[in-house]
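A look at the structure
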Amino acid sequence: MTEQQRVPAFCTQCRSRCGCEVLVEDGAIVGIEPQPSHPSGKTLCPKGKAVTELVYHKDRLTQPLRRTSPKGAKVPTWEPISWDEALTEIAGHMGRIRDDHGAEQIAFSVTTPSGTHMSDCISWVERFIRAYGSPNTIYGTEICNWHKDIASKFTYGSDIGTPDFANTDCVLLWGHNPAATWLARSIEVQKAMRRGVKMIVVDPRPTLYAKRADCWLKVRPGTDQALALGITNLLLSSGRFDVAFVREWTNATFLVRDDTGTLLRESDLQPDGDKNTVMAAGAKDKTLLAFDTAQGRWQGDCANAALMVRRRVSSATGEIPCRTALQVFAEAAAEYPPARVAEITGVPEEKLQQAADILAESASVAYYAWNGVGQSATATQTDRAISILYGLTGSYGRAGGNVPGGAARFNDIAGHDLLTDTQRAKALGLDTRPIGPGKLGWVTARDVYDAVLTQKPYPVRALISFGGNLLAAQPDPAKAKEAFDKLEFHVHTDFFLNATAEYADIVLPVSTSWEREGLRPGFDVSLEGLRKVQLRLAIIAPIGESRSDTDIVLDLAQRLGLSDVMFDCDADKGHAHILTPSGVDLETLKANPEGITLPGSVKLSAYLESGFATPTKRLEIYSEQLMKSGYDPVPALDTAKLPNNTNPAYPLRLGSAKTITYCHSQGRNIASLRRLTPDPVLELSLETADASGIALHDWVEISTKAGRCIARAKPTKDLAPDAVFAQHGWAVSTSDDAPNPGGDRLATNLNQAISTEHTDPISGSIPLRCSWCNIRKL
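Since the structure is predicted, the reported quantities are computational estimates derived from the model, not experimental observations. (Residues numbered from 1 in each chain as written. Predicted model: local features only at pLDDT ≥ 70, side-chain atom pairs only at ≥ 80, totals over all residues. Heavy atoms only, no water.)

1. Quick word on the pattern of salt bridges
Overall, the coordinates contain 46 salt bridges when judged by the stated rule. Here Asp 524 makes a salt bridge to Arg 15, at a shortest N to O gap of 2.5 Å. Within this pair, whereas Asp 524 is found in the loop between β24 (518-521) and β25 (532-536), its partner Arg 15 is found in the loop between β1 (5-10) and β2 (19-25), the two being separated by 509 residues in sequence. Asp 524 sits in the partly exposed class, given a relative accessible area of 21%. The class of Arg 15 is buried, set by a relative accessible area of 9%. A salt bridge links Lys 191 to Glu 188; its shortest N-O distance comes to 3.2 Å. Remark: Glu 188 and Lys 191 occur in helix α7 (residues 183-194); sequence separation between them is 3 residues, near one turn of the helix. Glu 188 gets classed as buried once you look at its relative accessible area, which sits at 7%. (Salt bridge = Lys/Arg side-chain N within 4 Å of Asp/Glu carboxyl O. Helix = DSSP H or I, 4+ residues; strand = E, 2+ residues; numbered from the N terminus. Buried < 20%, exposed > 50% of the residue type's maximum accessible area, 1.4 Å probe, protein only.)

See below:
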């Protein structure tokens, strides 16, 4: 018998990136086990445990395929071709379109690295796209990570940071359920709970942590901004926030001109004044303090700065009416007293006060917010409201709070510098969302579909997709199909021939992460995890002729003459470049497949040395950047933008949630996972189920203004009677007894019932978690 090997690795099936040991016999994977010594290796979820079912699935794509049936054929047909044929044809179309029409007329689609094996290859794929010159990548970031990772920069100058649950006094989970989406992070939360920390959970559903929380705020879907403003109002009106931090390290005391909305500068007061010097209100009437934004330094003692005042400031041209930045925000928050917040959000006044008390009394707070607040028409300003509320606690960057950065510096090879300003300006949707994801070349699916169909602002002639399943993952599936049929050329890379791949001209087989190497410079499950650097080597040889996404783009780059900006199309050179600033070398990682632990650690309170990475070098309560782009500089809420119901035919709030069984649209073809969750689920309250005559496992039709889908009923205790919650990602056949309204084989697809009529004006996010519906038993 061949001796069984235990190979150290980490799973890339979801955001958790759990450390593990892969069991290998005769060159084949036979199992997988947790690796408890790894920062994220305490346990594995069902998706990770299903590794052999995925890798050796009978439907895996194993060789390149070329379409032989016409576009629009009900049942597509294919012929196998060689890799050289496939890549030569793809490179030919890419070169022709770039040279004859411009690189922007090819759009790309890249699946999420947070929930797929793409995390090994994402930087290489993005570098290739930018080197090629296209500013149009459907990335789904506007309904995923953009708000916590990019919109947060409007406040902190950096992303949400890594929550230091190991040292915090209070855990705040806002629209984030790590028990279903991030198992390693969930374990960190459980450790904190065992220490006896306070916990606040903001979620409309009775999740594991909602039921265990000291304070569960059962918010109505889509009303989180009002909730954040309401809690902020309680803290500000009572003076229970970190006054010293807010005075010195935020722009709270900076004066804002009432007439222009800009910060008051020394140059506003006298002709030869410094434009980089911002004026703050002194504690005494008519006194001013100065702050040098270029140096990030106070010119004087900021302890004498006033936080919330109105002032008329004398200048060479007359008096200028001003308010401090915190005064502007406080007035916006004051519009949401407890009674009004309770009416809008459904959260009782006593719960609001309890949450404010816990935040005010906790020495440190660590939080996380994700999809629950990022999938609405007010997503960006909701993130701003939560970020500023968190900023008032003084915890950002400190031990026990959310800490940005890593344990060492690593180079980013995603190639943001490779896309020229001229090409960047051509991103679809950038004209209407000038500081949104399009700035980085990330565009919405609906903007690409519109450009294909209308040829405005220019035609999109081709789509090249690296994984993903747009028909299941995005709304507007009917429009997507119409656009796919009109493309000149369409390529899809994947493990399986999914619903979107069936529309492609060429389909390429991709190897799973177990069949290729992957570099992980830090595991952000915790601050300690960020010290872990690991190169996962290929556990087994690729199945069939499958290749990694990295190998695919490196081959295409060589054919398109891009080798010089793709590290000579040598993955080792690129990985070495990533590692260079850290002091870790690639050969050391190859010799230590279990990974190494960096000697350094994540720097705490880094702002004490260099301030925050914002235009004012301070955590920004008031954002001039937003104001100058035409948006509210503080997250004031226009209640007209809330998910208000104007149609009595759809009386129920429709939200959605993830399940630990699946990531997005993946896994429905894995037998062990389908046994756990065989069909899509609709959670509804016991009262609503009773009134509608709906019992557990009944098939239910969910109808909205946009469309309809089906799911099995799951009456659930402690849900609000006016809300139901479905699951996204279903676009496959269901159980044999499933009804099929209208003969739609994608009847389970929630996204065909989601409208894209209302969007976030900054990011383009859509209300995937907060629309209106009706339900009926089938």
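Having seen it, we continue.
2. Points about the layout of surface pockets
If you add up the space inside the largest pocket, you get close to 1700 Å³. For the largest pocket, the lining is made up of 50 residues, of which Asp 149, Asp 159, Asp 412, Arg 520 and Asp 524 are closest to its centre. Contributions of two or more residues to the lining of the largest pocket are made by α4 (122-132), α5 (146-149), β24 and α22 (571-579). A breakdown of the residues in the lining of the largest pocket according to their chemical character gives 23 nonpolar, 14 polar and 13 charged. (1 Å grid on protein atoms, 1.4 Å probe; cavity = no way out; pocket = protein on both sides within 12 Å on 5 of 7 lines; lining within 4 Å. Points joined across faces, edges and corners; volume = space filled by probe spheres on them. Nonpolar A, V, L, I, M, F, W, Y, C, P; charged D, E, K, R; others polar.)

3. Looking at the side chain of Asp 505
When you line up the elements, Asp 505 lands in the loop between β22 (489-494) and β23 (506-509). In this structure the side chain of Asp 505 is engaged in a polar contact, spanning 3.3 Å, whose partner is the side chain of Lys 71. Apart from the residues lying within four places of it in its own chain, the contact partners of Asp 505 are Leu 65, Arg 66, Arg 67, Lys 71, Trp 78, Glu 488, Phe 489 and His 490. (Polar contact = N/O pair within 3.5 Å; in protein donor to acceptor, adjacent residues only side chain to side chain. Contact = heavy atoms within 4.5 Å.)

4. Remarks on the side chain of Asp 447
As for its placement among the helices and strands, Asp 447 is situated in helix α18 (residues 445-454). Polar side-chain contacts of Asp 447 include one of 3.1 Å to the side chain of Thr 444. Apart from the residues within four sequence positions on either side, Asp 447 is in contact with Leu 428, Gly 429 and Arg 433.

5. Side note on the nonpolar core
A general tendency of soluble globular proteins is for nonpolar side chains to be buried together. Ranked by size, the top nonpolar core spans 78 residues in total, and within it Trp 174, Ile 200, Leu 217, Leu 227, Ile 231, Val 246 and Leu 326 carry the most contacts. The biggest single contributor to this core is helix α9 (residues 224-238), with 8 residues. Discounting chain neighbours no more than four positions away, the residues touching Ile 200 are Cys 170, Val 171, Leu 172, Leu 173, Cys 215, Leu 217, Ala 355, Ile 358 and Leu 359. Ranked by size, the runner-up nonpolar core spans 74 residues in total, among them Ile 90, Ile 413, Trp 442 and Leu 598. (Core = buried A, V, L, I, M, F, W, Y, C linked by side-chain atoms within 4.5 Å.)

6. Considerations on helix α14 (residues 349-361)
With 13 residues, α14 should reach 18 Å at 1.5 Å per residue; the first-to-last C-alpha distance of 18 Å fits that figure. When we look at burial in α14, the residues that qualify are Leu 352, Ala 355, Ala 356, Ile 358 and Leu 359. Down the axis, α14 shows its buried residues gathered within 160° of arc, on one side only. Among the exposed residues of α14, those oriented more than 90 degrees off its buried face are Glu 350 and Glu 361. Contact partners of the buried residues in α14: β9 (170-174), β10 (198-202), β11 (215-217), α9, α13 (338-345) and α16 (379-392). (Expected span 1.5 Å × (residues − 1). Arc of directions from axis to C-beta.)

7. A short note on empty space enclosed by the protein
Any empty space left between the atoms is revealed when a probe the size of a water molecule rolls over them. Counted under the stated rule, the structure contains 11 cavities of 30 Å³ or more. Taken as a whole, the largest cavity encloses approximately 500 Å³ of empty space. In this structure, the largest cavity is lined by 41 residues; those nearest its centre are Gly 175, Asn 371, Gly 372, Lys 658 and Arg 769. Of all elements in the fold, only α6 (178-181), α15 (371-374) and β27 (652-656) reach the threshold of two or more residues within the lining of the largest cavity. When residues in the lining of the largest cavity are grouped by element, the largest group, 3 residues, is from α15. For the lining of the largest cavity, the residue count by class is 14 nonpolar, 19 polar and 8 charged.

8. A few points about unusual backbone geometry
Of all residues except glycine, most have a negative phi; of all peptide bonds, most are trans. At the junction of Lys 456 and Pro 457, the peptide bond is cis and its omega measures out at 0° in the coordinates. Relative to the assigned elements, Pro 457 resides in the loop between α18 and β21 (462-466). The phi dihedral of Phe 567 falls on the positive side, at around 55°, and the residue is not glycine. Position of Phe 567 relative to the elements: it lies in the loop between α21 (549-559) and α22. A positive phi angle is found at His 664, which is not glycine, with a value near 55°.

9. What about the pairing of strand β16 (residues 310-315)?
Side chains of β16 alternate between two faces, with Arg 311, Val 313 and Ser 315 buried and Arg 310, Arg 312 and Ser 314 left unburied. In this sheet, strand β17 (residues 318-324) lies alongside β16 in antiparallel orientation, the contact comprising 6 bridges. The residue of β17 that forms the bridge with Ser 314 is Glu 319. A loop of 2 residues connects β16 with β17, the two strands running antiparallel in sequence. (Pairing = 2+ DSSP bridges.)

10. Quick word on the sheet that holds β27
Read once around its circumference, the closed barrel built from 6 strands follows the order β27-β31-β28-β30-β29-β32, with strand pairing classed as mixed. Ignoring strand direction, the axes of neighbouring strands in this sheet form an average angle of 45°. In this structure, β27 lies alongside strand β31 (residues 723-726), joined through 4 bridges in parallel fashion. Bridge pairing links Arg 653 to Ala 723 in β31. (Axes fitted to C-alpha atoms, helices over the stretch in contact; angles between N-to-C directions.)

11. Quick word on the sheet that holds strand β14 (residues 288-292)
Ordered in space as β13-β14-β15, the 3 strands form an open sheet in which the pairing is antiparallel. Only two strands of the sheet have a single neighbouring strand rather than two, namely β13 (277-281) and β15 (297-299). Averaged over all pairs of adjacent strands, the angle between strand axes in this sheet comes to 35°, irrespective of strand direction. As paired elements, β14 and β15 share 3 bridges and run antiparallel to each other. Its bridge partner lying in β15, Ala 290 is registered against Gln 299.

12. Remarks on the state of the cysteines
Enumeration according to the criterion identifies 0 disulfides in this entry. As a non-bridged cysteine, Cys 14 has Cys 663 as the owner of its nearest cysteine sulfur, 5.0 Å distant. On the accessibility criterion, Cys 14 (9% relative accessible area) is buried. With no disulfide partner, Cys 121 has as its closest neighbouring cysteine sulfur the one in Cys 11, 14 Å distant. (Disulfide = S-S within 2.5 Å.)

13. Here's the deal with α9
Think of an α-helix as turning once every 3.6 residues; residues three or four places apart then point the same way. In a regular helix each residue adds 1.5 Å, so 15 residues correspond to 21 Å; α9 covers 21 Å between its end C-alpha atoms and thus fits that length. With 13 of its 15 residues buried, α9 lies for the most part within the structure. Of the residues trailing α9, Gly 239 is marked for its positive phi of about 70°.

14. With respect to the packing of aromatic side chains
Within a pair of aromatic rings, the relevant descriptors are the distance that separates the centres and the angle that separates the planes. Under the defined criterion, the tally for this structure stands at 22 aromatic pairs. Ring plane angle 65° and centroid distance 5.1 Å describe the contact between Trp 249 and Tyr 607, whose orientation is recorded as edge-to-face. Of the two residues, Trp 249 is situated in helix α10 (residues 243-249) and Tyr 607 in helix α24 (residues 607-610); the sequence distance between them amounts to 358 residues. By relative accessible area, Tyr 607 is classed as buried at 5%. Joined through ring pairs, the aromatic side chains of Tyr 156, Phe 245, Trp 249, Tyr 396, Tyr 607 and Phe 612 make up one cluster. Looking at Lys 658, its charged tip hangs above the ring of Trp 370, at a distance of 6.0 Å from the centre. Against the face of Trp 730 rests Arg 668, its NZ or CZ located 4.5 Å from the ring centre. (Phe/Tyr/Trp six-rings, centres within 6.5 Å; stacked < 30°, edge-to-face > 60°. Lys NZ or Arg CZ within 6 Å of the ring centre and 35° of its normal.)

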